[in-house]
Amino acid sequence: MIIDRRGFLGTGIAAGASLAAPLVLAQDTPRVVVVGGGAGGATAARYIAKDSEGAVDVTLIEPTRTYYTCFFSNLYLGGFKTIDEIGHTYGTLASDYGVNVVHDWAVGVDRDAKTVALAGGGNVPYDKLILSPGIDFIEDSVPGWDLTAQNAMPHAYKAGSQTELLRAQIAAMPEGGTFAMIAPPNPYRCPPGPYERVSMVAWMLSRSNPSAKILIVDPKEKFSKQALFEEGWQKHYGGMIERIGPDFGAANISVDPAAMTVDIDGAVENVDVCNVISAQKAGRIAEAAGVTDGDWVPVNPADMSSKADPDIYVLGDSSAQGDMPKSGFSANSQAKVCANAVRGALTGSSVFPARYSNTCWSLIAENDGVKVGATYEPTEEKIASVDSFVSQTGEDAALRQATYEESEGWYAGITADMFG
Ligand code: FAD
């Protein structure tokens, strides 16, 4: 039945809009279900709905009514944005684009029946399913910490209440106290994210609590934009920030959320705030759909379809696609390629060749913005970087300010692209 319907739509809709009599097509309209209304999912839902002009039914399943962007959440920690400025709702996707927004959790995928089960009960049928559920944390990757300890030691790596909690804890630190960050191992969401966060916490503390210390416990040898961050930390924050890498025991740590201690290779440190960003994997629904290969979902570089099931596409952080970093910019870029491919497959509309891009901006101090980015193309094996750029150490203040202003323009653009 589905094959017949696709065949009909493949010729009919592409050939002429005169076939689009809503009552006739209502029950035969191909159905796309998108799980996750973040950078990847909201963009994909909006583009498919917008570009198919009613020829595809789009349902977006997302539990939260307000999506707080992780991008710019560090700027909220630094006091440069309010929490309301990083919160976005789904009303326009429903009212202006006709997306059926369902506020619920997807809890299972039946790939034979092609349905998604909802926590609130019921199953939503699909012809094509797009998963963009972001990340979940790998249990026990930081011994002593799990999600039950997220109030004592917040991750703030899914934005919203966790970010507000972390900011309140930083504000309540005793004079001269210690903020510790347990940085994640690769691969993880937003490679420069932890280090931008340290910059923003340092910005806040250097004003409110200048004798405070920041301790980064990092299992990685090196990190994104390292020279730029280290130069900026020296320039703006003097000796406030100390980073312990794997050479000095950071690969062998545990935490005690009740005692507020961090054990680094046997040396126990008392801390006042502890931001634990543990190791990560694809959002759990990807595992439930059976499309992961270990922690992430292998996808085809040309259209983001999963290697395990051609009718399931996986976007953003959950995907294992090659060279693109796990970022909102990447997820948005991948979503547009995927939306075009899905619409083409369902309606016969033309499909443009995939091309992807990414830029990650970070704010080190007021008006001191830096960036790294690249463009990408699909190869047989992966999404491969074609060319790249990065800010340089020693740049003048005007260029750094222009870079920050560019990031503000990007934020306005991407959130409009996601939510309309
Ligand atoms: P998300 O945007 O996280 O969206 C996933 C959505 O899926 C969520 O809304 C969630 O509620 C929903 N969901 C999960 N499971 C289910 C389920 N079972 N059923 C229904 N819905 C579900 N990126 C940048 O490009 N630039 C930046 O400056 C930047 N800064 C960052 C700073 C920080 C501190 C952090 C943590 C991240 C930053 N990022 C940045 C990264 C960016 O936020 C992510 O890479 C991006 O959000 C990934 O998009 P996504 O669609 O994969 O996941």
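Before reading further, recall that the structure is shown in the block above.
In this report, we go over the structure that sits alongside the text.

Thresholds, definitions, all that
- Residues numbered from 1 in each chain as written.
- Predicted model: local features only at pLDDT ≥ 70, side-chain atom pairs only at ≥ 80, totals over all residues.
- Heavy atoms only, no water.
- Phe/Tyr/Trp six-rings, centres within 6.5 Å; stacked < 30°, edge-to-face > 60°.
- Helix = DSSP H or I, 4+ residues; strand = E, 2+ residues; numbered from the N terminus.
- Buried < 20%, exposed > 50% of the residue type's maximum accessible area, 1.4 Å probe, protein only.
- Lys NZ or Arg CZ within 6 Å of the ring centre and 35° of its normal.
- Salt bridge = Lys/Arg side-chain N within 4 Å of Asp/Glu carboxyl O.
- Expected span 1.5 Å × (residues − 1).
- Lys, Arg positive; Asp, Glu negative; His and termini not counted.
- Contact = heavy atoms within 4.5 Å.
- Near = heavy atom within 4 Å.
- Polar contact = N/O pair within 3.5 Å; in protein donor to acceptor, adjacent residues only side chain to side chain.
- Areas by Shrake-Rupley, 256 points an atom, 1.4 Å probe, with all protein chains shown as cover.
- Nonpolar A, V, L, I, M, F, W, Y, C, P; charged D, E, K, R; others polar.
- Pairing = 2+ DSSP bridges.
- Axes fitted to C-alpha atoms, helices over the stretch in contact; angles between N-to-C directions.
- Disulfide = S-S within 2.5 Å.
- Core = buried A, V, L, I, M, F, W, Y, C linked by side-chain atoms within 4.5 Å.

1. What about the packing of aromatic side chains?
Here's step 1: Under the counting rule described, the total for this entry stands at 15 aromatic pairs.
Here's step 2: Summarising the aromatic geometry, the rings of Y90 and F419 are spaced 5.4 Å apart at their centres and angled 75 degrees between planes, so their arrangement reads as edge-to-face. One end of the pair, Y90, is in the loop between β4 (87–89) and α5 (91–97); the other, F419, is in helix α11 (residues 397–419), and 329 residues separate them in sequence.
Here's step 3: Overall, F419 belongs to the buried group, its relative accessible area being 4%.
Here's step 4: Arranged with centres 6.4 Å apart and planes meeting at 40 degrees, the rings of F223 and F229 form a pair that is tilted.
Here's step 5: For F223, a relative accessible area of 8% translates into the label buried.
Here's step 6: For F229, a relative accessible area of 0% corresponds to the buried category.
Here's step 7: Here the aromatic cluster, defined as three or more aromatic residues joined through ring pairs, consists of F71, F72, F329, W361, W410 and Y411.
Here's step 8: It is R167 that lies over the ring of Y76; its NZ or CZ is 4.7 Å from the centre.
Here's step 9: Positioned above the aromatic ring of W203 is the side chain of R207, whose terminal nitrogen or guanidinium carbon lies 3.4 Å from the ring centre.

2. A word on the pattern of salt bridges
Here's step 1: A complete count under the given rule lists 20 salt bridges for this structure.
Here's step 2: With a closest N to O distance of 2.3 Å, R355 and E377 form a salt bridge. A residue pair is termed long-range when its members are at least 10 positions apart, and R355 in the loop between α10 (328–347) and β22 (356–365) and E377 in strand β23 (residues 368–378) qualify at 22 residues.
Here's step 3: Among the residues examined, R355 registers a relative accessible area of 43% and is labelled partly exposed.
Here's step 4: A residue is classified by how much of its surface remains accessible, and E377, at 35% relative accessible area, is partly exposed.

3. Examining helix α3 (residues 39–52)
Here's step 1: Over its 14 residues, α3 runs 20 Å from end to end, which matches the ideal 20 Å to within 8%, given 1.5 Å per residue.
Here's step 2: Of all the positions in α3, only A39, G40, G41, A42, T43, A44, A45, R46, Y47, I48, A49 and S52 are classed as buried.
Here's step 3: Looking at the residues trailing α3, positive phi occurs at E53, about 50 degrees.

4. Topic: the side chain of E196
Here's step 1: Among the structural elements, E196 can be located in helix α7 (residues 193–208).
Here's step 2: The charged side chain of E196 is buried without a salt bridge, its nearest counter-charge being K225 at 6.9 Å.
Here's step 3: Ignoring any residue separated from it by four or fewer positions in sequence, one finds E196 in contact with N74, L75, F229, W361, S362 and L363.

5. Details of the site of the ligand
Here's step 1: Lining the immediate surroundings of the ligand are 34 residues, of which E62, Y67, S132, R189 and D317 lie closest.
Here's step 2: Here a nitrogen atom of the ligand and a backbone polar atom of G328 are 2.9 Å apart.
Here's step 3: Contact with the protein chains hides 94% of the accessible area of the ligand, taken as 990 Å² for the molecule alone.
Here's step 4: Sorting the residues of the shell around the ligand by element identifies α3, α4 (73–77) and α10 as the ones contributing at least two each.
Here's step 5: The element contributing the most residues to the shell around the ligand is α10, with three residues.
Here's step 6: Broken down by class, the residue content of the shell around the ligand amounts to 17 nonpolar, 11 polar and six charged.

6. Topic: the environment of N123
Here's step 1: Position of N123 among the secondary structure elements: in strand β8 (residues 123–125).
Here's step 2: Each C-alpha atom of the pair N123 and M324 lies 33 Å from the other, and the pair is 201 residues apart in sequence.
Here's step 3: Setting aside residues no more than four positions away along its own chain, N123 makes contact with T115, V116 and A117.

7. Description of the sheet that holds strand β7 (residues 115–118)
Here's step 1: As summarised here, the arrangement of the three strands in space is β6-β7-β8, forming an open sheet in which the pairing is antiparallel. The sheet is open, and its two borders are formed by β6 (106–110) and β8, each paired with just one other strand. Adjacent strand axes in the sheet meet at a mean angle of 25 degrees, parallel and antiparallel pairs treated alike.
Here's step 2: Bridge count for β7 against β8 is three bridges, and the pairing is antiparallel. Across the sheet, the residue bridging to V116 is V124, located in β8.

8. Focus on the pairing of β22
Here's step 1: Counted residue by residue, β22 has nine buried out of 10 residues, so it is predominantly covered.
Here's step 2: When β22 meets β23, the two strands line up antiparallel, connected through nine bridges. Paired with Y356 across the bridge in β23 is Y376.
Here's step 3: Taking the residues between adjacent antiparallel strands as the criterion, β22 and β23 are bridged by two residues, where N367 takes a positive phi near 60 degrees.

9. Let's talk about the state of the cysteines
Here's step 1: The full count for this structure, using the stated rule, is zero disulfides.
Here's step 2: A disulfide-free cysteine, C190 has its sulfur positioned 5.2 Å from the sulfur of C360, the nearest such atom.
Here's step 3: Residue class for C190 comes out partly exposed when judged on its relative accessible area of 26%.
Here's step 4: A residue is classified by how much of its surface remains accessible, and C360, at 8% relative accessible area, is buried.

10. Looking at the nonpolar core
Here's step 1: Within the largest apolar cluster, 122 residues are counted, with the highest numbers of intra-cluster contacts made by I130, F179 and W233.
Here's step 2: The contacts of I130, once residues within four sequence positions are left out, are V32, V33, V34, V35, A44, I48, Y313, L315, C338 and V342.

In short, the description is geometric, and any link to function would need to be established separately.
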